[in-house]
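# Structural overview for review
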Amino acid sequence: MTRPLVQAGNQIELVIGGMTCASCAARIEKKLNRMEGVRATVNYATEKAKIVYPDGVTPADLIATVEKTGYTAEVPAKPAEAAAPVDELASLRTRLWVCLVLTVPVIALSMVPAWQFTNWQWLALALAGPVVAYGGAPFHRAAAVNLRHGAATMDTLISLGTLAAFGWSLWALFFGTAGMPGMRHPFSFGITRGDGGGSLYLEAAAGVTLFLLAGRYFEARSKRRAGAALRALLELGAKDVAVLRNGVEARIPVEQLAAGDRFVVRPGEKIATDGVVEEGTSAVDVSVVTGESVPVEVAPGDAVVGATVNAGGRLVVRATRVGADTQLAQMARLVEDAQNGKAAVQRLADRISGVFVPVVIALAVGTLGFWLGAGGGATAAFTAAVAVLIIACPCALGLATPTALLVGTGRGAQLGILIKGPEVLESTRRVDTVVLDKTGTVTTGRMSLHDVVTADGDHETEVLRVAGALESASEHPIAKAIAEAAADRLGALPAVDGFANVEGLGVTGTVDGRQAVIGRLRLLEGRGLLERDGLDVPDELRRAAAEVEAVGRTAVVVGWDGRARGVLAVADTVKPTSREAIARLRELGLTPVLLTGDNATVARAVAVEVGITGDGITQNAPGGAGTAGQIIAGQIIAEVLPADKVDVVKRLQAEGRVVAMVGDGVNDAAALAQADLGLAMGTGTDVAIEASDLTLVRGDLLAAADAIRLSRRTLRTIKGNLFWAFAYNVAALPLAAAGLLNPMIAGAAMAFSSVFVVSNSLRLRGFRPVARP
């Protein structure tokens, strides 16, 4: 099925401040979406809102709406304008340490009757008071803001619970019997019955505040770690650059670099921006962008990517893309968009969180009424109600999806896998067929020399020397492959005189005083040169040429002095990782389908080389698309016109297949968009990348297997998080209402649930790609 186009409108991203739980994000999102023509998505984990708004609405209107809801909003500062980073954890860390020092004695005194000396309760009050007031200030402040706006969030539950416990203790100390000298206070994991006048909840008020502060601190720290991959990606670029102006080097900030500028990259320096090498050769470490550890050799004419490191010689590069247009900036934008998005499961969790708090408050009131009505006593009723308030906070529910997305997409970016949005994760789970475009995906798309067969009495070195010399004067891809192979093996090649091109057949020229011919067999036989006789072609060379053609390669025949001397086999080179990648895709339960415009012989040869069987070849009829037929393991679809690729995907979908498409060219864009899951090679065109769901920055088919593995693992993590978050609330609420949980234990359990969900998501940082062969 095709993906819907993004609706037109102005887009803006706002940084939201003051959110403390998923219900905050849900409330802001609801308010923004009530504005005429506005579509907003608010992400609690990234603390950002992505908004599409019509011309009649301004960013100031959007910010005002957020502020009226009780939160702050601002447009993110540009990197150059951003202030020095502030340690937002410092305040939380200070509160946590202060509360820890004060709370431990309160809990110890309250739990161990043997330590309860005369008037110990007043010391406990003196220690617990600052914890509830200072340590709990963030919760109380947020609850007050929400109350002014007629809303209730997780902070409302925490504030109500801790203040109620502390207030009850004050009443018991000053107006009840709890303040009497010699008072003893036994501790229970459940609740106790009584009139309440002698019951203290100081350990619950202080303990809950401490545990929730600890949970919020570790949650914030984990969220920072989860987003570390994206921040690292944004900080990878060079800060300044040595630009060449009128032949003189001048070091300038990288922001001042313009497209077309020439700049120098010395060994060990980062390449400032995307460009093309004009002078020098070197090895470039591209691991920061592609995740590939092996440096890539570059020479004049080769493209290089900004933020990669020059590991070898001096390079002069001409900038082609700068600023927001660079590959690094586009990668960061794709990752951030994915992290700001929401999967369907997260939207469900947000809706639940939005109504959860009022339901819990009602449940707590109902619990209080039930215990009082059942004659359980004020102490038991109050204890159960406070436990319900505290145990039910939906933090874990709100963190389940966004933290896993943060870590999963960030880890993907480190490995050169860009996931466009959370909805992509669901697609990877359902896919059962993967269509592989041959050229540029399974193969390199570049011709190379595979073999040289000589006639009796001729030597391979001389055949290759003459063939390379002739072809070095031609721009044809096959000619370039032969010339490069000859130069690599033999070094400098002789000059060619009288070079002539015979259109579609080959070339002729004089090498070392010998009239030589190279090209198709019929050219050497004289059928392509009307002004001259053909060359004698020995039978063994005719057989060799036929054998080369039979395995899907191109046979090029070379001869001189009236006789053919050898056959050169040239073919598109299969990428070294393609065979392993296809095996991995099969392990993931996917059926590989090879799609190519080449003839059936070439398609079968490539398929056999990479481990796809040659069974079930579908050959399209001339002038139009054929029928895909019954798709079986190892299916090959050959002679497909570029315009017909999308039809192949549609036919597979019509057969009930859920199709992934891997491609890299402009002619793959429509098929990538039509497929249920589109994977574009980052070495391909911008059009293909834009049409895809997943971008594989490394031009390596193994990255496709890694991308599907990572996406599926991220989805499993999200579902695991949601299960535990739901299960925790579903199981804990009845226990609290039944009086089986002390409020302090409830607070510790609630804090642990959030930390567990975030920690579980952080396990995705350990994802490892498939080892390269």
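Note that the structure is a prediction, hence the values are computed from the model and not measured.

Parameters at a glance
- Residues numbered from 1 in each chain as written.
- Predicted model: local features only at pLDDT ≥ 70, side-chain atom pairs only at ≥ 80, totals over all residues.
- Heavy atoms only, no water.
- Helix = DSSP H or I, 4+ residues; strand = E, 2+ residues; numbered from the N terminus.
- Polar contact = N/O pair within 3.5 Å; in protein donor to acceptor, adjacent residues only side chain to side chain.
- Contact = heavy atoms within 4.5 Å.
- Pairing = 2+ DSSP bridges.
- Phe/Tyr/Trp six-rings, centres within 6.5 Å; stacked < 30°, edge-to-face > 60°.
- Buried < 20%, exposed > 50% of the residue type's maximum accessible area, 1.4 Å probe, protein only.
- Lys NZ or Arg CZ within 6 Å of the ring centre and 35° of its normal.
- Salt bridge = Lys/Arg side-chain N within 4 Å of Asp/Glu carboxyl O.
- Axes fitted to C-alpha atoms, helices over the stretch in contact; angles between N-to-C directions.
- Patch = residues over 30% accessible without salt bridge, like charges linked within 9 Å, V, L, I, M, F, W, Y side chains within 5 Å.
- Areas by Shrake-Rupley, 256 points an atom, 1.4 Å probe, with all protein chains shown as cover.
- Core = buried A, V, L, I, M, F, W, Y, C linked by side-chain atoms within 4.5 Å.
- Expected span 1.5 Å × (residues − 1).
- Bend = angle between axes of the 7 residues up to and from the residue.
- UniProt positions renumbered as here; feature names shortened; annotations may be inferred.

This brings us to the side chain of Thr 69. In this structure, Thr 69 sits in the loop between α2 (59–68) and β4 (72–74). Here the side chain of Thr 69 touches Thr 65 through a polar contact of 2.7 Å, landing on its backbone oxygen. The contact partners of Thr 69, leaving out residues within four places of it in the chain, are Arg 27, Ile 28, Lys 31 and His 149.

Across the sheet, six strands lie side by side as β6-β5-β7-β13-β8-β11; this open sheet has antiparallel pairing. This sheet does not close on itself; its edge strands, each paired only once, are β6 (248–253) and β11 (303–304). As defined by bridge partners, strand β5 (residues 240–245) adjoins strand β7 (residues 262–265) across three bridges and the pair is classed as antiparallel. What sits directly across from Val 243, in β7, is Phe 263.

Applying the stated rule across the entire model yields four aromatic pairs. Each ring, one from Trp 724 and one from Phe 756, has its centre 6.1 Å from the other, and the planes form 80 degrees; the classification is edge-to-face. Note that Trp 724 is positioned in helix α25 (residues 702–737) and Phe 756 in helix α26 (residues 743–762), a separation of 32 residues in sequence. Given the relative accessible area of 49%, Trp 724 is considered partly exposed. One aromatic cluster is present, formed by Phe 723, Trp 724 and Phe 756 through successive ring pairs. For Arg 95, the ring lying beneath its charged end belongs to Tyr 134, and the centroid distance is 4.7 Å.

Another aspect to go through is the pattern of salt bridges. Close approach of charged atoms allows side chains with opposite charge to pair. Here the structure, examined in full by the defined rule, presents 20 salt bridges. Here Glu 269 makes a salt bridge to Arg 251, at a shortest N to O gap of 3.3 Å. With Glu 269 in the loop between β7 and β8 (274–279) and Arg 251 in strand β6, this pair connects stretches of sequence that are 18 residues apart. Classification of Glu 269 as partly exposed rests on a relative accessible area of 23%.

A sheet is described by the order of its strands in space; here four strands give the open sequence β2-β3-β1-β4, paired in antiparallel fashion. Unpaired on one side and paired on the other, β2 (39–43) and β4 mark the two borders of the sheet. The sheet shows a mean angle of 25 degrees between the axes of neighbouring strands, taken without regard to direction. Judged from the three bridges that link them, strand β1 (residues 10–17) and β4 form a sheet pairing that is antiparallel. Across the sheet, the residue bridging to Ile 16 is Ala 73, located in β4. Where α2 meets the sheet, it contacts β1, β3 (48–53) and β4, and its direction lies at approximately 160 degrees from that of β4.

Together, Trp 122, Trp 171, Phe 174 and Phe 175 make up a nonpolar patch on the protein surface, roughly 490 Å² of accessible area in all. Here Phe 175 lies in the loop between α6 (154–174) and α7 (202–226). Assessed through its relative accessible area of 67%, Phe 175 is described here as exposed.

Of all hydrophobic cores here, the largest spans 52 residues; its most connected members are Leu 436, Leu 679, Leu 694 and Leu 701. Beyond its immediate stretch of four places on either side in the chain, Leu 701 contacts Leu 436, Thr 441, Val 442, Thr 577, Ser 578, Ala 581, Ile 582, Val 662 and Met 681. Of all hydrophobic cores here, the second largest spans 39 residues; its members include Ala 165, Ala 178, Ala 214 and Tyr 217.

Turning to helix α3 (residues 89–111), a few remarks are in order. Between the first and last C-alpha of α3 there are 31 Å, a value that for 23 residues agrees with the 33 Å anticipated at 1.5 Å per step. At Thr 103, α3 shows its maximal kink, close to 30 degrees; a proline, Pro 105, follows between one and four residues later. Listed in full, the buried residues belonging to α3 are Leu 89, Leu 92, Arg 95, Leu 96, Cys 99, Leu 102, Thr 103, Val 106, Ile 107, Leu 109 and Ser 110.

Turning our eyes to something else, we now look at the UniProt feature "transmembrane region" (unreviewed entry) in the protein. Per the UniProt record, the feature "transmembrane region" (unreviewed entry) sits at residues 96–114, 120–137, 157–180, 200–218, 352–374, 380–407, 721–738 and 744–762. Helix and strand shares over residues 157–180 are 75% and 0% respectively, and the end C-alpha atoms of the span are 31 Å apart. In residues 721–738, the share of helix is 94% and the share of strand is 0%. The end C-alpha atoms are 26 Å apart.

Here we come to unusual backbone geometry. One non-glycine residue, Asn 119, lies in positive phi territory at about 65 degrees. Mapped onto the elements, Asn 119 comes out in the loop between α3 and α4 (120–135). In this structure Asn 119 comes out as partly exposed when scored by relative accessible area, which is 32%. Positive phi values are uncommon outside glycine, yet Ala 307 reaches one of about 85 degrees.

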